[in-house]
Amino acid sequence: MTVWDDLVGQIRVQEQLAAAAKDADALVTAVSDGKPLDQGSKMTHAWLFTGPPGSGRSTAARAFAAALQCTSPDRALGGAPGCGFCDGCHTSLIGTHADVQIIRTDLLSIGVKETRDLVRRAQLSPAVGRWQVIVMEDADRLTEGAGNVLLKAVEEPAPRTVWMLCAPSLEDVLPTIRSRCRHLTLSTPPVEAVADVLIRRDGVDPERAHSAARATQGHIGRARRLATDERARARRAAVLKVPLRVADVGGCLKAAQELIDTATDDAKQMAEEADVKETEDLKAALGGVAGGRMPRGTAGAMKELEDKQKRRKTRTQRDSLDLALTELTGFYRDVLALQLGSRIAIANVDVQDSLDRIAESSTPAQTLRRIESVIACRDAMDRNVAPLLAVEAMTMALRAG
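Turning our attention to the overall build of the protein. When its secondary structure is counted, the protein shows 15 helices and five strands. Taking 2.2 N^0.38 as the reference for a compact globule, 401 residues should give roughly 21 Å; the C-alpha atoms of the protein span a radius of gyration of 24 Å, in line with that estimate. Projected onto its principal axes, the C-alpha positions of the protein cover 75 × 60 × 40 Å. Within the protein, the proportion of its 401 residues that are buried is 45%. Accessible area for the protein stands at about 20,200 Å²; split by element, carbon and sulfur atoms hold 53% of it.

Laid out in structure tokens, this is it:
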């Protein structure tokens with residue numbers, strides 16, 4: 001098993017990263033031996049990984065980080081870095097390597113303070129590894145101020161520091177930053193490749209693996225959750241019933257409320273365990289006693305944690321709701337394919353009866369308008385419209401067709 005095994009359907013990207021890792025290994029060896037550097041090296045100090053959700057942007061960045069830290073003795077014999085077994089590879093992949101910092105946020109944005117902390121860390125020399133690697137999985141969530149702070153570090157990097165930024169598209173990153181990064185574009189992996197990973201790495205039943213991969217249209221993370229989590233399957237089944245429930249105004253309003261409630265429950269369930277642990281850990285760090293009052297002067301720190309947890313819950317709720325809207329879009333895409341007699345594969349074959357009913361009772365023009373209403377709902381929530389109002393407007397538009 002190599003570090004590239006989880007990088008699904010991205011052969012071209014894998015080849016580029018493997019070549020860069022090999023040059024990086026030679027570069028470090030040349031510096032330690034006092035030899036001149038190869039000016040034609042494929043290695044650089046800043047990388048930008050873009051691609052649609054589920055394409056494996058962060059997986060590619062983590063695999064590359066592991067290859068850069070590889071300590072396999074086979075390298076000296078001409079072997080490629082990234083064995084997957086040595087301590088450097090293993091700790092990088094699981095997120096415990098001292099010189100690999102994985103930055104992901106469960107909040108709505110990454111601010112200036114957090115970015116300044118990262119920039120300070122980036123100036124340090126590697127502690128135990130060959131490179132100081134910083135992987136930012138949500139570079140598209142940088143505020144404008146945070147992006148300007150990061151720009152300085154990317155412009156003038158420390159000699160052994162590598163930045164890896166991940167974002168859905170080039171437009172999600174400041175032009176000044178992306179112009180200083182080497183850009184790699186990932187594509188949506190094939191359904192068969194995603195199913196193979198679920199079977200091979202997660203032990204999922206082949207039939208369920210193929211069903212999950214097809215339903216999520218190649219999104220690796222969503223496919224894994226759908227194949228392994230019963231709650232995720234139940235939530236998706238409820239979402240795909242919405243098109244049949246908007247026959248009248250009452251049904252529209254009820255369906256909208258249920259979508260919001262489901263997203264809220266999802267957010268509460270996912271955040272509850274983390275919130276309790278974070279609160280208890282902070283109380284212990286501040287000298288609090290179980291069941292007793294907190295020491296004086298600690299109220300500000302506790303309030304800051306509560307605010308962070310509220311922002312995280314909001315982000316989680318929006319992500320859950322956005323996933324539901326994505327599934328609705330996929331449903332109507334299948335309806336449109338049936339209406340136009342397209343040969344593309346149907347993603348939601350498990351609700352074929354519902355697809356047929358909607359396809360027969362409406363026109364392609366109505367289906368396109370319904371898809372547009374779902375997209376408009378997503379845009380409205382991006383502009384901070386109250387979620388319930390946005391979803392109610394969408395369900396009414398789905399009824400009108």
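Attention now goes to helix H7 (residues 191-202). The first and last C-alpha atoms of H7 sit 16 Å apart over twelve residues, in line with the 16 Å expected at 1.5 Å per residue. When H7 is considered as a whole, its buried residues turn out to be Val 194, Ala 195, Val 197 and Leu 198. Buried residues of H7, seen end-on, are gathered within an arc of 155 degrees and therefore sit on one face of the element. On its buried face, H7 is in contact with helix H8 (206-215) and helix H9 (220-228).

What follows deals with a nonpolar patch on the surface. A cluster of nonpolar side chains, namely Val 249, Leu 253 and Met 396, defines an oily patch on the protein surface of about 210 Å² accessible area. The residue Val 249 is located in helix H11 (residues 249-285) in this model.

Now for the nonpolar core. Grouped together as the largest cluster of nonpolar side chains are 34 residues, with contacts concentrated most on Leu 17, Trp 47, Phe 49, Phe 64, Leu 68 and Met 164. Taken together, the elements giving at least two residues each to this core come down to helix H1 (11-33), strand E1 (46-50), helix H2 (57-68), strand E2 (100-103), strand E3 (132-136) and strand E4 (161-167). No other element matches H2, which puts eight residues into this core. Every residue in contact with Phe 64, bar those within four places of it in the chain, is listed here: Trp 4, Leu 17, Ala 20, Ala 21, Met 43, Trp 47, Phe 49 and Met 164. Ranked by size, the runner-up nonpolar core spans 32 residues in total, among them Ala 263, Phe 331, Cys 377 and Val 391.

This part is about the packing of H8 against H9. With their axes 8 Å apart at the nearest point, H8 and H9 run at an angle of 135 degrees to one another. If you check the angle between H8 and H9, you find them oblique. The handedness of the crossing between H8 and H9 is right-handed. Together, Arg 208, Ala 212, Ala 213 and Ala 215 of H8 and Arg 222, Ala 223, Leu 226 and Ala 227 of H9 make up the contact between the two elements.

On average, the protein scores 86 in pLDDT, and the residues at 70 or more come to 93%. No element of the protein has a lower mean pLDDT than H11, at 80, and none a higher one than E1, at 95. Contacts for the low-pLDDT stretch residues 33-37, under 50 throughout, to residues beyond four places or in other chains number five contacts.

Tallied over the entire structure, the rule returns two aromatic pairs. With centroids separated by 5.0 Å and ring planes inclined at 75 degrees, the aromatic side chains of Trp 47 and Phe 64 adopt a geometry described as edge-to-face. Taken together, the positions of Trp 47 in strand E1 and Phe 64 in helix H2 put the pair 17 residues apart, joining distant regions of the chain. In this structure, Trp 47 and Phe 64 share a single accessibility class: buried. Centroid distance Phe 331 to Tyr 332: 5.5 Å. Interplanar angle 85 degrees. Geometry classified as edge-to-face. Residue classification places Phe 331 among the buried residues on the basis of a relative accessible area of 0%. The exposure class of Tyr 332 is buried, given its relative accessible area of 1%. In this structure, Arg 160 packs its charged tip against the face of Trp 131, placed 6.0 Å from the ring centre.

What counts and what doesn't
Residues numbered from 1 in each chain as written. Predicted model: local features only at pLDDT ≥ 70, side-chain atom pairs only at ≥ 80, totals over all residues. Heavy atoms only, no water. Helix = DSSP H or I, 4+ residues; strand = E, 2+ residues; numbered from the N terminus. Rg over C-alpha atoms; globule rule 2.2 N^0.38 Å. Buried < 20%, exposed > 50% of the residue type's maximum accessible area, 1.4 Å probe, protein only. Areas by Shrake-Rupley, 256 points an atom, 1.4 Å probe, with all protein chains shown as cover. Expected span 1.5 Å × (residues − 1). Arc of directions from axis to C-beta. Contact = heavy atoms within 4.5 Å. Patch = residues over 30% accessible without salt bridge, like charges linked within 9 Å, V, L, I, M, F, W, Y side chains within 5 Å. Salt bridge = Lys/Arg side-chain N within 4 Å of Asp/Glu carboxyl O. Core = buried A, V, L, I, M, F, W, Y, C linked by side-chain atoms within 4.5 Å. Axes fitted to C-alpha atoms, helices over the stretch in contact; angles between N-to-C directions. Parallel < 35°, antiparallel > 145°, perpendicular 65-115°, else oblique. Left-handed = near helix turned anticlockwise from the far one by under 90°. pLDDT = per-residue confidence, 0-100. Phe/Tyr/Trp six-rings, centres within 6.5 Å; stacked < 30°, edge-to-face > 60°. Lys NZ or Arg CZ within 6 Å of the ring centre and 35° of its normal.

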